[in-house]
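These are the residues of each chain, in order.
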Amino acid sequence: MSAQTDTPPPQLPAPPVDDAHDSVPRIVPVRRTGRWAAAVAVLVLLAGALVSVIRNDAFQWGVVGDHLTTASVLRGLGLTLWLTGLVMVLGFALGTLLAVMRLSGNPILQAVAWGYVWLFRSTPILVQLLFWFNIGALYPQILGVDTVNLLGPVAVAVIGLTLHEAAYAAEVVRGGILSVEHGQLEAAQSLGLGPWRRLRRIVLPQAMRSIVPPAGNMLIGTLKGTSIVSIIAVQDLLYSVQLVYHRTYEVIPLLLVATLWYVAVTSLLSVGQHYVERHYARGTADAR
């Protein structure tokens, strides 16, 4: 009988050491200490400013709260909103017509539209309002109608602001129309669509992507710009608070009342503008 000897199992060779792996430097995120320090400093300054405004008795926040929802202030706010909406609708209706005239092949229509835009964009809105307010001094009668007392302050405000906004709306609409690819117009024309139908069904829906952002800015600008009608005694929001502080001499708190309402309405319009822009940007890279 032969003796059995224990033989150890064969040893596998050790895997080679990857020196290249050890030589790759470890990625360490950059310490942005300066950025965070600046952010903290800004937050501290904002907090200090906010606390200063809240705790400053000169702002008279109690008076602000008492007048924020009074009947006269709400009536002025309502007139401001009505005036803003009406001016934007009429201004863009006239502006669209002017934009079409600018893009037409008729040189006379082009010249008239260009002259309108040039004139009303070159004249301050305050000068335009005062001009229309005193139109009776230039033309006491038009077609046998007495014009001295024909236009009241509100009518003057609507006319002046509409004609002013139409000049800017014309350029906004014209830029939006020019942003539509020319191939779209050729395709619509090949289908036998007329000029107005091409504009309404093909051009404007696509142009709205370029029209909505500046139109939203115009809407907010018109809302704040209506405050200038107080110069001709239109009882908008600003004029309503002016009537109060001329009687009570509480100028700062009443101006804060108007400011808070303007900020609130502007914020709502900005939110609405965001969703309208997202609606018209569907299917594009900007839909977010």
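Residues numbered from 1 in each chain as written. Predicted model: local features only at pLDDT ≥ 70, side-chain atom pairs only at ≥ 80, totals over all residues. Heavy atoms only, no water.

Naming follows an unreviewed UniProt entry, where the protein chain appears as Polar amino acid transport system permease protein of Streptomyces clavifer. Regarding the protein chain, the relevant UniProt record gives this comment under Sequence similarities (unreviewed entry): "Belongs to the binding-protein-dependent transport system permease family." UniProt, in the comment section headed Subcellular location (unreviewed entry), describes the protein chain in these words: "Cell membrane". (UniProt positions renumbered as here; feature names shortened; annotations may be inferred.)

1. Describing the overall build of the protein chain
Helix and strand content of the protein chain: twelve helices and two strands. Along the protein chain, helices (α) and strands (β) appear in the sequence α-α-α-α-α-α-α-β-β-α-α-α-α-α when read from the amino end. Taking the intrachain contacts of the protein chain between residues at least 6 apart in sequence as the baseline, contacts between residues at least 24 apart amount to 74%. Surface exposure of the protein chain reaches about 19000 Å², of which carbon and sulfur atoms provide 65%. (Helix = DSSP H or I, 4+ residues; strand = E, 2+ residues; numbered from the N terminus. Contact = heavy atoms within 4.5 Å. Areas by Shrake-Rupley, 256 points an atom, 1.4 Å probe, with all protein chains shown as cover.)

2. Observations regarding the UniProt feature "transmembrane region" (unreviewed entry) in the protein chain
Feature annotation in UniProt places "transmembrane region" (unreviewed entry) on residues 36-54, 74-100, 112-133, 218-239 and 251-271, given in this structure's numbering. For residues 36-54, the end-to-end C-alpha separation is 27 Å, with 100% helix and 0% strand making up the annotated structure. The span residues 74-100 is 100% helical and 0% strand by assignment, and the distance between its end C-alpha atoms comes to 39 Å.

3. Considerations on the pattern of salt bridges
All told, the structure shown has two salt bridges when counted by the stated rule. Residue E171 pairs with R102 through a salt bridge whose shortest N-O separation is 3.0 Å. In this pair, E171 sits in helix α8 (residues 153-178) while R102 sits in helix α4 (residues 71-103), placing the two residues 69 residues apart along the sequence. What makes E171 buried here is its relative accessible area of 19%. Owing to a relative accessible area of 18%, R102 belongs among the buried residues under this scheme. Across the salt bridge formed by E171 and R174, the nearest N and O atoms sit 2.9 Å from each other. Highlighted residues: E171 and R174, both in helix α8, separated by three residues, approximately one helical turn. Three or more residues are tied together by salt bridges with common partners; here these are R102, E171 and R174. (Salt bridge = Lys/Arg side-chain N within 4 Å of Asp/Glu carboxyl O. Buried < 20%, exposed > 50% of the residue type's maximum accessible area, 1.4 Å probe, protein only.)

4. Focus on the packing of aromatic side chains
For any two aromatic rings, the description comes down to two numbers: the centre-to-centre distance and the angle of the planes. A complete count under the given rule lists four aromatic pairs for this structure. Both rings, one in F131 and one in W132, keep their centres 5.6 Å apart while their planes meet at 80 degrees; by these two values the pair is edge-to-face. When its relative accessible area of 40% is taken as the criterion, F131 is described as partly exposed. The class of W132 is partly exposed, set by a relative accessible area of 23%. (Phe/Tyr/Trp six-rings, centres within 6.5 Å; stacked < 30°, edge-to-face > 60°.)

5. What about the packing of helix α5 (residues 107-122) against α8?
In a pair of packed helices, the angle between the axes and the distance between the axes together describe the arrangement. The contact between α5 and α8 brings their axes to 9 Å, and the two run at 125 degrees. In this view, α5 runs oblique relative to α8, as classed from their interaxial angle. With respect to the hand of their crossing, α5 and α8 are arranged in left-handed fashion. Taking contact as the criterion, the partners of Y116, V117, F120 and R121 in α5 are, on α8, L163, H164, A166, A167, Y168, A170 and E171. Counted by class, the contact of α5 with α8 contains eight nonpolar, one polar and two charged residues. (Axes fitted to C-alpha atoms, helices over the stretch in contact; angles between N-to-C directions. Parallel < 35°, antiparallel > 145°, perpendicular 65-115°, else oblique. Left-handed = near helix turned anticlockwise from the far one by under 90°. Nonpolar A, V, L, I, M, F, W, Y, C, P; charged D, E, K, R; others polar.)

6. A word on the side chain of S104
On the secondary structure map, S104 appears in the loop between α4 and α5. On the basis of relative accessibility, which here comes to 19%, the residue S104 falls in the buried class. Not counting chain neighbours up to four residues away, the residues in contact with S104 comprise L109 and Q110.

7. Section: a nonpolar patch on the surface
A cluster of nonpolar side chains, F131, L138, Y139, I142 and L143, forms an exposed patch at the surface whose accessible area comes to about 580 Å². Structurally, F131 can be placed in helix α6 (residues 125-133). (Patch = residues over 30% accessible without salt bridge, like charges linked within 9 Å, V, L, I, M, F, W, Y side chains within 5 Å.)

8. Some thoughts on the environment of T69
Tracing the backbone shows T69 in the loop between α3 (61-67) and α4. Relative accessible area serves as the criterion here: at 53%, T69 is assigned to the exposed category. The spacing of T69 and W261 is 192 residues in sequence and 9.9 Å in space, taken between C-alpha atoms. Not counting residues up to four positions away in its chain, the partners in contact with T69 are L74 and W261.

9. Brief notes about α8
The end-to-end C-alpha distance of α8, which contains 26 residues, comes to 38 Å, matching closely the 38 Å that a straight helix rising 1.5 Å per residue would cover. Where α8 bends most, at A166, the angle is about 25 degrees. (Expected span 1.5 Å × (residues − 1). Bend = angle between axes of the 7 residues up to and from the residue.)

10. Structural notes on the nonpolar core
Grouped together as the largest cluster of nonpolar side chains are 16 residues, with contacts concentrated most on V73, L237, V241, L254, V257, A258 and Y262. Counting residues per element, this core draws most heavily on helix α12 (residues 251-280), at six residues. Contact partners of V257, with chain neighbours within four places excluded, come to V64, H67, L68, V73 and V241. If you look at the next biggest cluster of nonpolar residues, it comprises 14 residues, including V172, V180, L199 and I211. (Core = buried A, V, L, I, M, F, W, Y, C linked by side-chain atoms within 4.5 Å.)

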